[in-house]
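Chain residues, written in single-letter form:
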Amino acid sequence: MNFSNNLEELEKKDKLQGKIMKFIMYKKRTEKEVWEKFKNEDRDLLEETIEKLKELGYINDKEYVDRFMNEAISLKNLSIFELKYKLYAKGINDSIIEEYISNNSEMLEEYELLSAQNIYNKKKNLQEPKEIILYLQKKRYNSDTIKKISGE
């Protein structure tokens, strides 16, 4: 009786681990994303599996932030605020986000300035400068950044 229960438990664990591995190998995920995707699974088993995957480095929110920021910076025009918000939405801990931002503040400020300049250049033939500035303010660009690109 006890042996079959253990075997059944091992099979459940193995099946869950397989599902989670497939989920995180398809695309890197945050710990929160894994929790949300598998929230209906056995909580203790899920917690044990997530901890094991964190130990093995398959789930690592700090690495996720690095990768996310590098991709966003190379592909998108976003304010630092928008980058932070997207990471918060992924369930990244505030301290991890703030640590990344403080360690990379100079690079992020340059990125935000370039991003704002790109937006300004794209919109300048279609909109008045004041409209573009309002747009950048709405997107939460730093006021110093907006002043630099608008020439104020």
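This is a predicted model, so every value here is computed, not measured.

Participant: Would you mind showing me how to read the pattern of salt bridges here?
Facilitator: Pairs may arise between side chains of opposite charge once their charged atoms sit close together. A full pass over the atoms with the stated rule returns nine salt bridges. One salt bridge in this structure joins K62 and E99, with 3.5 Å as the shortest N-O distance. Placement of K62 in helix α4 (residues 61–75) and of E99 in helix α6 (residues 94–103) is noted, with a sequence separation of 37 residues between them. For E99, a relative accessible area of 37% puts it in the partly exposed group. The network of salt bridges with shared partners includes E31, E51 and K54.

Participant: Honestly, unusual backbone geometry in this entry has me stumped. Any pointers?
Facilitator: Among all residues except glycine, the phi angle is most often negative; among peptide bonds, the trans geometry is most common. The backbone phi angle of R140 is positive, close to 65 degrees, even though this residue is not glycine. Tracing the sequence through the fold places R140 in the loop between α8 (129–138) and α9 (143–150).

Participant: It is not clear to me how the packing of aromatic side chains should be interpreted in this structure. Could you clarify?
Facilitator: Tallying each qualifying case throughout the model produces two aromatic pairs. Seen from their ring centres, F23 and F38 are 5.6 Å apart, and the 90 degrees between their planes marks the pair as edge-to-face. Pair noted here: F23 is in helix α1 (residues 2–26) and F38 is in the loop between α2 (31–37) and α3 (43–55), with a separation of 15 residues, a long-range link. Its end group placed over the ring of F23, R29 keeps NZ or CZ at 3.9 Å from the ring centre. R140 extends its terminal NZ or CZ atom over the ring of F81, reaching a point 3.9 Å from the ring centre.

Analysis parameters
Residues numbered from 1 in each chain as written. Predicted model: local features only at pLDDT ≥ 70, side-chain atom pairs only at ≥ 80, totals over all residues. Heavy atoms only, no water. Salt bridge = Lys/Arg side-chain N within 4 Å of Asp/Glu carboxyl O. Helix = DSSP H or I, 4+ residues; strand = E, 2+ residues; numbered from the N terminus. Buried < 20%, exposed > 50% of the residue type's maximum accessible area, 1.4 Å probe, protein only. Phe/Tyr/Trp six-rings, centres within 6.5 Å; stacked < 30°, edge-to-face > 60°. Lys NZ or Arg CZ within 6 Å of the ring centre and 35° of its normal.

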